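# Commentary on secondary and tertiary structure
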Amino acid sequence: MAPPNPEEPSAKRPASPSAGSRASHNSSPSKRARGSSVGSLGYGDHHGGGAEALRLAGPDNKTKQYDDGVLRKRTQVETDVLAREKAAHELADALPKEISTIPTIDLFLPEALKDAVFVGHLVTDLDSVGGAIGAAALYNGKAALASDINSETAFALEEWGVAKPPTIEEVLKENPDAKICLVDHQQTSQMNPAINPDNVVGVIDHHALQSKTIVTDRPIYIDIRPWGSMSTIISHTFLTHHKRPSVGVAGMLLCAILSDTLNLQGPTTTEWDRLMVATLSEIAAVDDIQFLASQQFKAKSKELAGLSAHGLVNGDQKCFSFATETFTGDVGFAVVETTDDAVIIDRLDELLPEIVACKKEKNLSVLFVAVVNIVELKGTLLLCGPSELSMAKVAFPDCKVNDANTMMDLGSRVSRKKDYIPEITKAVKAGWKRPVKRGVSVVDMEALGKLEVDPTDYQRITRKGSILAVKVGQRFTVDDDSIVDEENCI
């Protein structure tokens, strides 16, 4: 059989018929994100998901160099997996070659969880679903949904060829006395009302114990760890019990960890999350972890209500390095693809301060966020300061800027790769330099406030106490009426 052509679209095989309790080992990989499998192991030399980053390594081995010579800094997730590729390969290589739901040696697989139904919280997310599918495969149980899945979860299920689990109502209709293990939550307020608390036999979670935590009349199995994702716990347990997850299960767990940790950039991310992402990438034969993460974010951004400003700005952001006689620095460029760009633009005064904060925290010279309407095929560039305004005017001279100097209409330009970065590169090479004339641009790091995580939903991250926050009735504007020290400008 000929090796897969990486330019061909992803070919999907039929989902497993087991209604989500176990994933199919034969799920066909996405040709652009994943490489071909080697033997029955299900992975080759994938470098913990960083094979593509290594293939395109720039001269300093910290960047990716494209055919046109443009240098992009490695993203956080690429850097993290490459730093752990050796450990990830050793962990994956030590697992049994064959997939098995029954362990050869039962170190401690609690009897209470065998044949249990694993179900996440209401308003279910990818960590709830992916973790439930993983736990069902690990403990020989069944996965169920507490509520309808979101667009990100639908993407992951399709990407890995895994069947959508049945609803908990459907499961309980067939077996009203089924044993229940709660995953990704332990509060009764987040529990599906169809579940009888007396039938709960376990909790696997990574959230703090707060009010309305479930109370039981007898001891139950509890596994709560302060990690960035519940799926990290399941992944770790697979390894400690010397069990190999199928490619489909490994892929679902991988996507779930990327989701809950914001591609390993969120404040709740731990060393265990990073190591499990690299290890699962090996098992699932992922060569380009950044491509997988960006495709997943695009799926998530279809439902914008649940994304914070921090999530939108950091979700699909890449950094490009330049060094010319007039400008040396890094230009960040984030893209938010949506079917309703008005919803994003209405949050402009919330997004612009977050762009400034992100720019300062990552020590970027320039940071753009482009909002792309994938239905109408039009783009809007968000401008958080004089440097962005100046560069945008040089790169896209025919595009109009609003009166507040905070948005540019990019017209039909919608591709970062084809439409945005080439024009920015031309502008820099043509002699663009950062303007000295600035507005209120000097911001102390401490004045940017702190990121706070919702203890019930680790994906909801908000910035509190920022001096840049726009008050009610005011608008964020880009002002260039004063001159300040360029070295301290944002």
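Residues numbered from 1 in each chain as written. Predicted model: local features only at pLDDT ≥ 70, side-chain atom pairs only at ≥ 80, totals over all residues. Heavy atoms only, no water.

## Remarks on the overall build of the protein
In terms of regular secondary structure, the protein is built from 15 helices and 16 strands. Per-residue burial over the protein gives 57% buried out of 490 residues. At a minimum sequence separation of 6, the contacts of the protein that also span at least 24 residues come to 70%. Carbon together with sulfur atoms contributes 52% to the accessible area of the protein, which is approximately 21200 Å² in total. (Helix = DSSP H or I, 4+ residues; strand = E, 2+ residues; numbered from the N terminus. Buried < 20%, exposed > 50% of the residue type's maximum accessible area, 1.4 Å probe, protein only. Contact = heavy atoms within 4.5 Å. Areas by Shrake-Rupley, 256 points an atom, 1.4 Å probe, with all protein chains shown as cover.)

## Some words on the pattern of salt bridges
The final tally for this structure, using the stated rule, is 17 salt bridges. One salt bridge in this structure joins glutamate 350 and arginine 347, with 3.0 Å as the shortest N-O distance. Under the relative-accessibility criterion, arginine 347 is labelled buried at 17%. A cluster of three or more residues bridged by salt bridges with shared partners is formed by Asp80, Arg84, Glu271 and Arg274. (Salt bridge = Lys/Arg side-chain N within 4 Å of Asp/Glu carboxyl O.)

## Observations regarding empty space enclosed by the protein
For the structure on display, the rule yields 3 cavities of 30 Å³ or more. In terms of lining residues, the largest cavity is bounded by 14 residues, among which Leu262, Asn263, Phe297, Lys300 and Gly315 are the most central. Every element with two or more residues in the lining of the largest cavity is listed here: α8 (247–260), α10 (289–300) and α11 (309–315). In terms of residues, the lining of the largest cavity owes the most to one element, α10, which gives 4 residues. (1 Å grid on protein atoms, 1.4 Å probe; cavity = no way out; pocket = protein on both sides within 12 Å on 5 of 7 lines; lining within 4 Å. Points joined across faces, edges and corners; volume = space filled by probe spheres on them.)

## Topic: the nonpolar core
Phe118, Tyr139, Trp160, Ile204, Ile289 and Leu292 are the most contacted members of the largest nonpolar core, which has 59 residues in total. In contact with phenylalanine 118, not counting residues within four places along its chain, are Leu113, Ala132, Ala135, Ala136, Tyr139, Gly141, Lys142, Ala143, Ala144, Cys181, Val183 and Ile204. Phe322, Leu389, Ala395 and Trp432 belong to the second-largest nonpolar core, a separate cluster that totals 27 residues. (Core = buried A, V, L, I, M, F, W, Y, C linked by side-chain atoms within 4.5 Å.)

## Overview of the packing of helix α3 (residues 85–94) against helix α9 (residues 271–283)
One can describe the packing of α3 onto α9 by two numbers: an axis separation of 8 Å at closest approach and a directional angle of 55°. The orientation of α3 relative to α9 falls into the category oblique. Regarding α3 and α9, the two cross each other, and that crossing is right-handed. Listed contacts from α9 to Ala87, Ala88, His89, Leu91 and Ala92 of α3 are Leu275, Ala278, Thr279, Glu282 and Ile283. Classifying every residue of the contact of α3 with α9 by side-chain character gives 7 nonpolar, 2 polar and 1 charged. (Axes fitted to C-alpha atoms, helices over the stretch in contact; angles between N-to-C directions. Parallel < 35°, antiparallel > 145°, perpendicular 65-115°, else oblique. Left-handed = near helix turned anticlockwise from the far one by under 90°. Nonpolar A, V, L, I, M, F, W, Y, C, P; charged D, E, K, R; others polar.)

## A look at the confidence of the model for the protein
With 78% of its residues at a pLDDT of 70 or more, the protein has an overall mean of 81. pLDDT under 50 marks residues 36–44. Its contacts with residues more than four places away, or in other chains, come to 26 contacts. Here residues 438–442 is modelled with pLDDT under 50, and outside its nearest four sequence neighbours on either side it reaches 21 contacts, counting other chains as well. (pLDDT = per-residue confidence, 0-100.)

## Some remarks on the packing of aromatic side chains
Any pair of aromatic rings gets described here by the distance separating the centres and the angle formed by the planes. Tallying each qualifying case throughout the model produces 6 aromatic pairs. Members of the aromatic cluster, connected to one another through ring pairs, are Phe333, Phe368, Phe396 and Tyr420. (Phe/Tyr/Trp six-rings, centres within 6.5 Å; stacked < 30°, edge-to-face > 60°.)

## Overview of the sheet that holds strand β10 (residues 366–373)
With mixed pairing, the 7 strands of this open sheet are ordered in space as β1-β2-β8-β9-β10-β11-β12. The strands lining the two open edges of the sheet, one partner per strand, are β1 (63–65) and β12 (407–411). In this sheet, neighbouring strand axes are inclined to one another by 30° on average, regardless of whether the strands run parallel or antiparallel. Across 5 bridges, β10 lies against strand β11 (residues 378–382) in antiparallel orientation. Among the inter-strand pairings, valine 371 is bridged to a residue of β11, identified as threonine 380. Relative to β10, helix α14 (residues 386–395) is tilted by about 60°, and along the sheet it contacts β9 (328–338), β10, β11 and β12. (Pairing = 2+ DSSP bridges.)

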